[in-house]
Amino acid sequence: MRSVVAIYVENNFGVLTRVAGLFMRKGFNIDTLSVGETEDPRYSRITVTFDGDDYGRGFLIKQLGKLHEVKQIKLMKTDNNIEREHMLVKVRNTPESRAELKTAADLYHASIVDFNPDVICVEVSGEPSIMEQFLDMIKPFGIVEMCRSGIICIDCAGNLFDAAE
Amino acid sequence: MNTQKLKGSQIIIETLIEQGVTHIFGYPGGQVLQIYDQLYQNADRITHVLTAHEQGAAHAADGYARATGKVGVVLATSGPGATNLTTGLAAAMMDSVPVVAITGNVPTYFIGKDSFQEINTIGITMPITKHNFYVTDVTKLADTIREAFRIAKSGRPGPVLVDIPSDVQAAETFFQKGHEAEPYPEEQAREKDVKKAVELINQSKRPYIYVGGGAESRNMGELILALADKIDACIGCTFMGISCIPSKEERFLGMQGMHGRYASTKANWEADLIIGIGVRFSDRATGNQKAYVAGKKIIQIDPDFSEINKNINVNVGLIGDITDAVSRILENVDEAQHPGWMERVEELREEARSLRDHYETIAEDPFTTIKIFDAINEGKTDDTIVTTDVGQHQMWAGQFLEFEKNRKFLSSGGLGAMGYGLGAAIGASLATGEKTVMITGDGSFSMNLIELATAVTYRVPVVIVLLNNHSLGMVRQLQAVYCGSRYSATLPDRKTDFCMVAEGMGAKAKRVTDLESFKAAFAEGMASDGPYVVEAVIDTWELVLPMLPNGGTVKDLILEKDQKKE
């Protein structure tokens, strides 16, 4: 089962290696990962999505709780939260596809941020499942290159999980 | 104010002394020159012990910590110095031993350039330390070392490494004297969990208290005995908990598990309630974990929240200060008598005794390990510390050795690092001033016997009992059980004359092949003030029995095993 976990860490040298290394050491694969400063500049928030059953999830969260620089861990519930992913996608620019690509982009509130004779660059953000739909839709036009931010997620109040629970 | 400007290297020494460190084990090198210069100038305030190899130094710091409960300190240079520490740090990590490792590194302006003896020590040691620090700012050096001590001794102890580039050691800053770091406060078990545990104990008909390294390192023996008396339980232990409860205690059945004692392994499986105190229910200790929990209730009491439900699912977990948790259970639980259960336990003890007699009668060579360990039990005192290496000798030691006091049995249980024993014996003996006995085998001893040189230099009173079966016996035993007696690489045809090697390094040594000469040599070793090697040549084919095979249940307990002898 896909899980999203938000990890508050001290903003120290090498802390990302410690967190990512722990996933590897305990036999879990990271599907997406994003890191950034939080409301308190002493801490960063690492958002990781990974695959794990109930036991695996609990196990991993407890192990994360043992890292000295990890201050708080939130296991995000599957509902009652806001998940977003941001993408930049370069699509082949052909006279035949141009109009259709524009229609798809409008439909998904994507914007065209760069245009040259070879490729069109589209910027889009939204819920991860919607992002997948968008990619499926534009795939036939020929995706040349893309990058994804990884999932970020914030809960609607009250979904706090504590590592010790 | 007590403030003055000091160099980083001085700050390191001052902080170590402030943290109560009396001995530091290490090996010099290019990137710790400054620190060694300070050790030279402060030789009257802190003793440096030079080992022959950094691995020996790491094990010595570990032995120092296990024997005293204080934090052990090891010092090494960058590159190979740091990589040589890794086995020692991993051993301390797996057995929850408080150690602080200090490593030098190339100057910050050379970092990342593949400089001479540069290695990413932090990256290498991340998974084998509780935490590690890379110090780039001399003003943070003292507090970082203090924090390292604090982390090492808090909650579930463990090793912490501080990597210090040599330019930081040379930089100057103001130093203010501090105090010995206090461990972080521990949480107390929740009242509802204590209540639930008490309920489970009151309902139990066949309680079994299962103690581990966590109980041993907190000196909980008396408290646990009081609980056992009140609820009429028997007590077994993990390999790490062997000297937690005095061996002569009636209720104490000894080590259980893969190579555990017959009675404790059996009783553990037959119990209806397991009270685990400072144990992790490791695969080696329980066998088949699904079958193990069937029909049982389990209480787990541990300082580390991540251990609860990790290896097996428990009915109730008590987290935090385990001494407090057990005291509260003891206070609230009903007094009980379980005559049927105690009768059964006595029956198991009787079976164990006849099994032991049986092994003695079928032995082809009368110079059996049981007799050797009986002689060691007789010849050592209550204060003697025993360390071991890893292999058959280690499991025999776990089964047969008897202890009266806490922190007297030091062995690499979790990692199973061959070569652990001699370094640990040196550290333990120097820390306590006590006589030390090190049990080893020909395989393990060959790995780190170079530390005999250290033991000779520092006149460490260690009696090394080398059980030489001319075989890598433990793996050979596994090959007898799992590989149809095809002995791949476990019967090395070595011509090592261990006595000559020992004498060549300045130690006394004696080779014995019978019990009487063993007793005499052991007594001579115990009376000697430097290292003394007793090489006991034993039967190549003796096995560690009983044996609970990997993933097996108590029904699979191997009591005898036919093996092909080459």
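See the structure shown above.
These remarks concern the structure in this document. (Residues numbered from 1 in each chain as written. Chains lettered and ligands numbered in written order. Predicted model: local features only at pLDDT ≥ 70, side-chain atom pairs only at ≥ 80, totals over all residues. Heavy atoms only, no water.)

With that settled, the discussion passes to the overall build of chain B. Along chain B, the regular secondary structure elements total 23 helices and 20 strands. Each of the three principal axes of chain B carries a C-alpha extent, and together these read 70 × 60 × 40 Å. Looking at the 566 residues of chain B, the share that counts as buried comes to 60%. In chain B, 76% of the contacts between residues at least 6 apart in sequence involve partners at least 24 apart. Within the structure as shown, chain B displays about 21500 Å² of accessible surface, and the carbon and sulfur contribution to it stands at 51%. Counting 55 positive and 72 negative side-chain charges, chain B places the averaged centre of each group 3 Å from the other. (Helix = DSSP H or I, 4+ residues; strand = E, 2+ residues; numbered from the N terminus. Buried < 20%, exposed > 50% of the residue type's maximum accessible area, 1.4 Å probe, protein only. Contact = heavy atoms within 4.5 Å. Areas by Shrake-Rupley, 256 points an atom, 1.4 Å probe, with all protein chains shown as cover. Lys, Arg positive; Asp, Glu negative; His and termini not counted. Charge placed at Lys NZ, Arg CZ, Asp CG, Glu CD.)

Now for unusual backbone geometry. Residues and elements named next belong to chain B. Omega for the peptide link from Leu545 to Pro546 comes to -5°, which places this bond in the cis form. Structurally, the position occupied by Pro546 is in the segment after β20 (532-537). Here the phi dihedral of Gln117 falls at roughly 55°; this positive angle occurs in a residue that is not glycine. Summarising the element assignment, Gln117 is placed in the loop between β5 (99-105) and α5 (121-125).

Residue and element names in this part refer to chain B. A volume near 1100 Å³ is recorded for the second largest pocket. Lining the second largest pocket are 40 residues, with Arg356, Tyr359, Ile370, Phe400 and Leu545 sitting closest to its centre. Of all elements in the fold, only β11 (252-255), α11 (262-270), α15 (339-362), α16 (369-379) and α17 (392-400) reach the threshold of two or more residues within the lining of the second largest pocket. Ranked by the residues each element gives to the lining of the second largest pocket, the list is headed by α15, at eight residues. In the lining of the second largest pocket, the residues fall into 17 nonpolar, five polar and 18 charged. A domain-level breakdown of the lining of the second largest pocket finds at least three residues from each of domain 2 (191-345) and domain 3 (364-541). (1 Å grid on protein atoms, 1.4 Å probe; cavity = no way out; pocket = protein on both sides within 12 Å on 5 of 7 lines; lining within 4 Å. Points joined across faces, edges and corners; volume = space filled by probe spheres on them. Nonpolar A, V, L, I, M, F, W, Y, C, P; charged D, E, K, R; others polar. Domains from an automatic or database assignment.)

The partner chain A presents 16 residues to the 18 residues of chain B that form the contact. Contact between chain B and chain A buries roughly 1400 Å² in total, counting both sides, with carbon and sulfur atoms accounting for 58%. Looking only at chain B, the three residues that lose the most surface to chain A are B:Met126, B:His131 and B:Phe305, adding up to 39% of its buried area. There are one salt bridge connecting chain B and chain A. In this structure, the salt-bridge partner of B:Asp304 is A:Lys66, at a minimum N-O distance of 2.7 Å. Our enumeration of links across chain B and chain A arrives at six residue pairs in polar contact (both at pLDDT 80 or more). Contributions of two or more residues to the side of chain B that touches chain A are made by β6 (131-134) and α6 (141-153) of chain B. Here the side of chain B that touches chain A takes three residues from β6(B), the largest share from any one element. Broken down by class, the residue content of the side of chain B that touches chain A amounts to nine nonpolar, four polar and five charged. (Buried area = accessible area lost by both parts, 1.4 Å probe. Salt bridge = Lys/Arg side-chain N within 4 Å of Asp/Glu carboxyl O. Polar contact = N/O pair within 3.5 Å; in protein donor to acceptor, adjacent residues only side chain to side chain.)

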